[in-house]
Amino acid sequence: MSEGTSKEEQMAALVAEIKSCTRCPLHASRKNPVPGEGNLDAIVMLIGEAPGRWEDEKGRPFVGAAGKLLDKLLALAGFRREEVYIANVLKCRPPGNRDPRPEEVEACTPFLDRQIQIIRPKVIVTLGRHSTRYIFSKAGLPFKRMGDVRGRAYEVEIFGMKITLVPTLHPASALYNPSYRSLLEADFELIGRLVRGLAKPEKPARPEKRVGLEAFMT
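Summary of the structure given here. Starting from 1, residues in each chain are numbered consecutively following that chain's sequence as written. For a predicted model such as this one, the threshold for reporting local features is a pLDDT of at least 70, and the threshold for listing and counting side-chain atom pairs is 80 or more; totals across whole chains, interfaces and linings nevertheless cover every residue. Only hydrogens and water are removed before side-chain values are computed, so all heavy atoms of the structure are retained for them.

This paragraph deals with the environment of I43. Secondary structure counts use DSSP, requiring at least four H or I residues in a row for a helix and at least two E residues in a row for a strand, with both numbered from the N terminus. Mapped onto the fold, I43 is located in the loop between β1 (37–38) and β2 (44–48). When the C-alpha atoms of I43 and V195 are compared, they prove to be 7.9 Å apart, with 152 residues separating the residues in sequence. Any two residues whose heavy atoms approach within 4.5 Å are treated as being in contact. Excluding its chain neighbours within four sequence positions, the residues that come into contact with I43 are P121, K122, V123 and V195.

Quick look at the packing of aromatic side chains now. To pair, rings of Phe, Tyr and Trp, with the six-membered ring standing in for Trp, must have centres within 6.5 Å; the planes then decide the type, stacked if under 30 degrees apart, edge-to-face if over 60, and tilted in the middle. Scanning all chains against the criterion turns up two aromatic pairs. Ring geometry for F136 against F143: centres 5.9 Å apart, planes inclined by 75 degrees, an arrangement best described as edge-to-face. Assessed through its relative accessible area of 17%, F143 is described here as buried. Plain terms: the ring middles of F136 and Y154 are 5.3 Å apart, the flat faces sit at 70 degrees to each other, and that makes the pair edge-to-face. Highlighted residues: F136 in helix α6 (residues 129–139) and Y154 in strand β5 (residues 153–158), separated in sequence by 18 residues. By the burial criterion, F136 is buried, and Y154 matches it. Aromatic rings pair up to connect F136, F143 and Y154 into one cluster. Throughout, exposure labels follow a simple rule: accessible area from a 1.4 Å probe, protein chains only, divided by the maximum for the residue type, with under 20% read as buried, over 50% as exposed, and the rest as partly exposed.

Here it is in structure tokens:
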């Protein structure tokens, strides 16, 4: 954080940049950019993939059916939406909700990097493979597929900060495959236990240490 500049001032300047951004072609087809929203002092930051149709309409993250499910999942972890910060890898909707392209991720993620540095969360929750792949790369962790990494917590260092990283499925996946909902619920219950543990005196983090779900079951 720049000396003498508040989080609110830094985020306002960043949002203004996002709203005027033309770094990739997505700006030409968007209705509204979706910078992100929430508590700038949040303990937990959630990172999704990209805005969908409703997000593009409203300029806010997770406001459609997946957003309603996300609110319920947050409640399982003991949080209200206004207590966390929610962002996406891409700030503009890809046409037809297609997957983000590598050049779009490269153009847009400097905004996400700055959001993480402004908020300085203790826990980052990645929602889906695209955000998980990107944040794992920042933490120096390998990533192949979600089935290998979800359901666990990782102690990592990102931008010089000790962060607990929890990868999980994108809430939209449970709308198409209801069997995924129980996996999401288990992961958000894990997040709640992690945060309650963070309320205790912190011990030095061990970078890239993977912690199994069973460690938080007691």
